[in-house]
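The lines below spell out each chain.
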Amino acid sequence: MPTVTIDDIQVEVEQGATILDAANKAGVWIPTLCHHPAVTPQATCRICMVELDRGEWKQLVTACNYPVRRDITVSVSGDNAVKARRGVMEFMLARAPDNEQLKAIAGRMGVDSTPWPTVTVAQRDCILCGLCTAVCDEVLGLAAIGFSGRGVDRAVAAPFRQAPDDCIACGACQAVCPVGTIQLRLHEDTDEIEISPFKARAKLRKCEQCGARVVSEPTAAEALKNVNVDWEKIRNLAKLCPKCRRIRAAESLAATASGTPTKEMTR
Ligand code: SF4
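About the cut-offs
Residues numbered from 1 in each chain as written. Predicted model: local features only at pLDDT ≥ 70, side-chain atom pairs only at ≥ 80, totals over all residues. Heavy atoms only, no water. Pairing = 2+ DSSP bridges. Helix = DSSP H or I, 4+ residues; strand = E, 2+ residues; numbered from the N terminus. Axes fitted to C-alpha atoms, helices over the stretch in contact; angles between N-to-C directions. Contact = heavy atoms within 4.5 Å. Near = heavy atom within 4 Å. Nonpolar A, V, L, I, M, F, W, Y, C, P; charged D, E, K, R; others polar. Domains from an automatic or database assignment. Buried area = accessible area lost by both parts, 1.4 Å probe. Salt bridge = Lys/Arg side-chain N within 4 Å of Asp/Glu carboxyl O. Polar contact = N/O pair within 3.5 Å; in protein donor to acceptor, adjacent residues only side chain to side chain.

S.K.: Got a minute to help me understand the sheet that holds strand β8 (residues 183-187) in this structure?
M.R.: Strand pairing in a sheet is mediated by backbone hydrogen bonds. Such pairs are either parallel or antiparallel. On the basis of which strands lie adjacent, the open sheet formed by four strands has the order β8-β9-β10-β11 and antiparallel pairing. Strand pairing shows two members of the sheet lacking a second neighbour, β8 and β11 (213-216), which therefore form its edges. Going across the sheet, the axis of each strand differs from the next one's by a mean of 35°, ignoring polarity. Pairing of strand β10 (residues 200-206) with β11 involves three bridges; the strand directions are antiparallel. Its bridge partner lying in β11, Lys206 is registered against Arg213.

Here it is as structure tokens:
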């Protein structure tokens with residue numbers, strides 16, 4: 001197994017593990033934003049830059065996707081690495097100057113302000129890390145959103161910056177957004193969920209028993225499509241929220257034990 005010397009701490013890692021894996025093992029903190037175990041390392045945000053010692057020369061590399069194939073020496077706390085990461089953070093703060101999650105990471109990195117003019121166009125607060133697009137593409141296979149525009153106008157959006165046709169309003173992009181820019185908005189009047197800022201809206205499925213809003217209709221349809229079970233047998237359970245489903249299943253079990261048919265069994 002190759003050895004990674006990281007800020008003078010030596011750790012052995014599996015062949016092909018990343019510098020970030022090694023840092024985690026060594027207990028050395030490297031900030032990350034676009035990194036998530038559910039998707040392939042993107043190295044889009046560049047906040048995880050470290051300095052790789054190549055002997056005669058040194059090189060800044062992104063820790064999240066740099067594979068360790070042999071013994072290497074890496075500096076996380078050296079001047080060059082720290083300066084590079086701080087520079088990236090200053091650009092991000094220009095896009096999201098008031099974002100509390102980002103400010104917390106910036107504070108830990110020793111960055112408390114940005115010298116750059118702040119972005120004032122639509123999608124302010126998005127740091128363009130691309131984690132949402134990666135999840136939508138790699139995990140869901142939908143690619144409902146992607147990057148659009150250039151420079152300060154660059155944004156994550158659906159084609160033509162319209163509401164995305166392919167979005168099923170699953171909320172996965174919201175769940176992984178590291179700075180909380182993507183929001184789920186409930187429209188009580190229409191029983192719809194909106195994925196903001198993408199303007200995607202979908203009807204919510206309601207529990208047949210208690211009326212609780214469970215999941216968007218297209219997400220439920222997509223989930224049922226991908227699960228290889230006989231839904232005919234349990235179709236009534238699929239119409240319930242998790243809580244009512246547990247109650248119905250318990251009733252069903254009790255009835256089976258006592259020999260009394262339940263609502264579920266008589267349908
Ligand atoms: S809510 Fe829409 S855009 Fe976000 S991950 Fe799900 S399908 Fe993709």
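Read on for the rest.
S.K.: It is not clear to me how the side chain of Thr219 should be interpreted in this structure. Could you clarify?
M.R.: Inspection of the secondary structure assignment puts Thr219 in helix α6 (residues 217-226). Setting aside anything within four residues of it in sequence, one finds Thr219 in contact with Ile168, Ala169 and Cys170.

S.K.: What should I look at first to understand the site of the ligand in this one?
M.R.: Around the ligand, the surrounding shell consists of Cys136, Leu140, Leu142, Ile145, Cys167, Ile168, Ala169, Cys170, Gly171, Ala172, Cys173 and Ile195. In terms of residue class, the shell around the ligand is built from 11 nonpolar, one polar and no charged.

S.K.: Before we go on, may I ask you to explain the domain arrangement of the protein chain in this structure?
M.R.: Accessible area lost upon the coming together of the parts serves often as the stated size of an interface. For the protein chain, the domain assignment lists domain 1 (3-109), domain 2 (131-225) and domain 3 (228-267). Each partner contributes residues to the interface: domain 2 has nine residues there, and domain 3 has 10 residues. Contact between domain 2 and domain 3 buries roughly 770 Å² in total, counting both sides, with carbon and sulfur atoms accounting for 58%. Contact with domain 3 buries area across many residues of domain 2, yet Glu208, Gln209 and Leu224 alone supply 60% of it, more than any other trio. Our count for the domain 2 to domain 3 interface comes out at zero salt bridges. Linking domain 2 with domain 3 are one residue pair in polar contact (both at pLDDT 80 or more). Along the lines of polarity and charge, the residues of the side of domain 2 that touches domain 3 split into five nonpolar, one polar and three charged.

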